[in-house]
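The primary structure of each chain is shown beneath.
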Amino acid sequence: MESKKVILEVNNLKTYYQTRLGEKIKAVNSVSFNLYEGEILGIAGESGCGKSTLAMSLSGLFLSPLKYESGSVFLDNENIMQKKENELRSNILGKKYSYIPQSAMNALNPTLKIKNFIIDLLKEHDPNMTEKEILNLAKERFESLSLPPRVLNLHPLELSGGMKQRVVVAISTIMNPEVVVADEPTSALDVTSQKIVIKLIKDLFDKKIVKSIIFITHELPILRHICDRIAVMYAGEFVEIGNMKDVIFDPIHPYSQALMQSILVPEKGIKGKKLPSLPGSPPDLRKIPKGCRFADRCPLVIEDCKKEDVTLTKLGERSVRCIRLNHILTQGKRVTPYV
Ligand SMILES: Nc1ncnc2c1ncn2[C@@H]1O[C@H](COP(=O)(O)OP(=O)(O)OP(=O)(O)O)[C@@H](O)[C@H]1O
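My aim in this report is to walk through the structure given alongside it, one point at a time. (Residues numbered from 1 in each chain as written. Predicted model: local features only at pLDDT ≥ 70, side-chain atom pairs only at ≥ 80, totals over all residues. Heavy atoms only, no water.)

### Let's talk about the nonpolar core
Short version of the rule: Throughout, nonpolar core names a set of buried Ala, Val, Leu, Ile, Met, Phe, Trp, Tyr and Cys residues whose side chains join them through atoms within 4.5 Å. Remark: exposure states derive from per-residue accessible area (1.4 Å probe, protein chains only) relative to the maximum for the residue type, with buried under 20%, exposed over 50%, and partly exposed in between. Per the annotation, domain bounds derive from an automatic or database assignment of domains. Residues are treated as being in contact if the distance between any of their heavy atoms lies within 4.5 Å.
With 69 residues, the main nonpolar core has Ile114, Ile118, Phe142, Phe215 and Ile230 as its most contacted residues. The two domains that each donate at least three residues to this core are domain 1 (6-227) and domain 2 (237-266 + 273-331). Look past the residues within four positions of Ile118 in its chain and what remains in contact with it is Ile134, Ala138, Phe142, Leu152, Ile171 and Ile174. Of all hydrophobic cores here, the second largest spans 31 residues; its members include Leu13, Leu41, Ala55 and Ile214.

Dropping the structure here:
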């Protein structure tokens, strides 16, 4: 991956929610990573760890109560974090960076036919485009993604959940954005529709419509099928990032190990077995403790873990945020199962 072109470079990104009581919920903390051309990077982690907040923050558009604190996000050598809202809306969002939120399926205006939605969207970006040009483009794109063009004349309510989600993906990528961030795009779908949406996402690469994708999901089996690399997020930080096979089948960080042990089922031989569960809960993001954020739940914790904030250590092609790396690597990676 290292020799590939970097599409998105994220450095020490910190963002937070400002509550009405004046507290800061530090949902994204010092996140740094590169997204390479031609890759799908999966982001995994339990509910509330900051995956959606990171996805929203990467767009540079901060809608209250979400706020930017510090860090940079370079897309095409431009720091998106320094762009004004009107510049982001006219030059970046949809054109270079597209975010498909969890609720995108329901965000489609039920009174508008799909084609009118696309016409409005494209005219906003390029008022010189005629309706005919837009419709031709939409038809061509739908056909190339194996979506029947007749869907353009339907209202969102007339579409099944799977079809609606495919339409959302097609619309979100109609301006050929370089980076697409898909937040749980398959979570509300049945298994067959999930497969079709995943195939559609792969087609976006094959047809050279998008360059790179960040794919967020709770479902590790999906990450396993679609991603080149995986980042594991815990309490606003990446604790491990590396190649899909390494992170899923040979995780190093104690939290990654726990996550993989607890979710990667049901497979032959595992079905029916009691699954390990992780005791305790993540830290309160309003009062993050010093040192490793996973320390209170970690079976390998020692006093030093709580003394200083922990940085990512590079281990070949992956990076891991743990001061007990030597212990894990020399004494056998598997920690005591959480049963
Ligand atoms: N609008 C908001 N105002 C205040 N806090 C918020 C808001 N949205 C999210 N949070 C908090 O920010 C933290 C990160 O939430 P986020 O939704 O990014 O997590 P997530 O990993 O995407 O979870 P999920 O998988 O359930 O969507 C959580 O503590 C959450 O409670």
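This is not the end of the story, as more comes after the structure.
### Notes on the packing of aromatic side chains
To keep things clear, this is the line we draw: Centre distance within 6.5 Å is the pairing criterion for rings of Phe, Tyr and Trp, where only the six-membered ring of Trp is used; planes under 30 degrees apart are then read as stacked, over 60 as edge-to-face, and the remainder as tilted. Secondary structure elements are taken from DSSP: a helix is a run of H or I of four residues or more, a strand is a run of E of two residues or more, and numbering for both begins at the N terminus. Two thresholds decide whether a charge sits over a ring: the Lys NZ or Arg CZ must be within 6 Å of the ring centre and within 35 degrees of the ring normal.
According to the stated counting rule, one finds five aromatic pairs in the structure shown. Measuring from centroid to centroid gives 4.5 Å for Tyr234 and Tyr255, while their planes differ by 50°, and the two rings are tilted. Remark: Tyr255 occurs in helix α10 (residues 254-263) and Tyr234 occurs in strand β9 (residues 229-234); sequence separation between them is 21 residues. Across the pair, Tyr255 and Tyr234 agree in class, each one buried. Judged by centre distance (5.1 Å) and plane angle (85°), the rings of Tyr234 and Phe294 are edge-to-face. Taken together, the positions of Tyr234 in strand β9 and Phe294 in the loop between α10 and β11 (313-315) put the pair 60 residues apart, joining distant regions of the chain. For Phe294, a relative accessible area of 1% gives the class buried. Sitting over the ring of Tyr16, Lys24 keeps its end group 4.6 Å from the ring centre.

### Remarks on the site of the ligand
In plain terms, the rule: What makes a residue near a molecule or strand is one non-hydrogen atom of that residue sitting within 4 Å of it. What qualifies as a polar contact is a pair of N or O atoms within 3.5 Å, subject to a donor-acceptor requirement within protein and to the restriction that residues adjacent in sequence count only when both atoms come from side chains. Surface exposure here means Shrake-Rupley accessible area, sampled with a 1.4 Å probe, where a residue is shielded only by the protein chains that are shown. Three classes are used, and their members are as follows: Ala, Val, Leu, Ile, Met, Phe, Trp, Tyr, Cys and Pro are nonpolar, Asp, Glu, Lys and Arg are charged, and the others, Gly among them, are polar.
Around the ligand there are 15 residues in total, and Ser47, Gly48, Lys51, Ser52 and Thr53 lie nearest to it. Contact between the ligand and Thr53: an oxygen atom at 2.4 Å from a side-chain N or O atom of the residue. Protein coverage of the free-state accessible area of the ligand, which is 630 Å², stands at 66%. Of all the elements in the fold, those that place two or more residues in the shell around the ligand are β2 (24-36) and α1 (51-57). Sort the elements by how many residues they give to the shell around the ligand and α1 lands first, with three residues. Across the shell around the ligand, the residue classes break down as six nonpolar, seven polar and two charged.

### Overview of the pattern of salt bridges
The following threshold applies: Put simply, a salt bridge is a Lys or Arg side-chain nitrogen that is within 4 Å of an Asp or Glu carboxyl oxygen.
Overall, the coordinates contain 18 salt bridges when judged by the stated rule. Note that Lys96 and Asp76 form a salt bridge whose closest N and O atoms lie 3.6 Å from each other. Here Lys96 is found in the loop between α2 (85-92) and β6 (97-100), whereas its partner Asp76 is found in the loop between β4 (66-75) and β5 (78-79), with 20 residues between them in sequence. We classify Lys96 as partly exposed; its relative accessible area is 21%. Overall, Asp76 belongs to the partly exposed group, its relative accessible area being 33%. A salt bridge links Lys199 to Asp203; the shortest N-O distance between them is 3.0 Å. Within this pair, Lys199 and its partner Asp203 are both found in helix α7 (residues 191-206), separated by four residues, close to a single helical turn. Shared partners join several salt bridges into a network, and the residues in it are Asp76, Glu78, Lys83, Glu87 and Lys96.

### Observations regarding empty space enclosed by the protein
In this approach the atoms are scanned with a rolling probe the size of a water molecule, which exposes any empty space left behind. Worth spelling out the cut-off: A cavity, in this analysis, means grid points on a 1 Å lattice covering only the protein atoms where a 1.4 Å probe fits yet has no way out; a pocket is instead an open set bounded by protein on both sides within 12 Å along at least five of seven lines, and a residue lines either one if it has an atom within 4 Å of a point. Grid points are joined across faces, edges and corners, and a volume is the space filled by probe spheres set on the points.
Scanning the model with the defined rule gives two cavities of 30 Å³ or more in all. Considered as a void within the structure, the largest cavity measures approximately 70 Å³ in volume. In terms of lining, the largest cavity is formed by His253, Pro254, Cys292, Phe294, Ala295, Cys298, Val301, Cys305, Val310, Cys322, Ile323 and Arg324. Its residues assigned to classes, the lining of the largest cavity shows 10 nonpolar, one polar and one charged. The calculated volume of the second largest cavity comes to roughly 40 Å³. Forming the boundary of the second largest cavity are Tyr234, Glu237, Val239, His253, Cys292, Arg293, Phe294, Val310 and Arg321.

### A closer look at helix α6 (residues 161-172)
To be explicit about the condition: Given a helix with a known number of residues, its expected span is that number minus one, times 1.5 Å.
Between its first and last C-alpha, α6 extends 16 Å over 12 residues, near the 16 Å set by a 1.5 Å rise per residue. With respect to burial, α6 is a largely interior element, 11 of its 12 residues being buried.

### Focus on the packing of helix α4 (residues 114-125) against helix α5 (residues 131-144)
Where we set the bar: To get an axis, fit a line to the C-alpha atoms, keeping to the stretch in contact for a helix; angles then go from 0 to 180 degrees between the N-to-C directions. With the far helix as reference, a near helix turned anticlockwise by less than a right angle produces a left-handed crossing, and one turned clockwise produces a right-handed crossing.
Axis separation between α4 and α5 bottoms out at 10 Å; the angle between their running directions is 115°. When you trace α4 past α5, the crossing you get is right-handed. Taking contact as the criterion, the partners of Ile114, Lys115, Ile118, Ile119, Leu122 and Lys123 in α4 are, on α5, Glu131, Ile134, Leu135, Leu137, Ala138 and Phe142. Here the contact of α4 with α5 is composed, by residue class, of nine nonpolar, no polar and three charged.

### A short note on the sheet that holds β11
Put simply, the test is: Note on pairing: two strands pair once DSSP finds at least 2 bridges between them.
Here we have eight strands laid out as an open sheet, ordered β6-β7-β8-β3-β9-β10-β12-β11, and mixed in their pairing. Both edges of this open sheet fall to β6 and β11, since each of them pairs with a single strand only. Across the sheet, the axes of successive neighbouring strands diverge by a mean angle of 20°, strand direction being ignored. Here strand β10 (residues 237-243) pairs with strand β12 (residues 318-320) via two bridges, running antiparallel. Its bridge partner being in β12, Ile241 is matched across the sheet by Ser319. Strand contacts of α7: β3 (40-44) and β8 (212-216), with the helix running at about 160° to β8, the strand carrying the most contacts.

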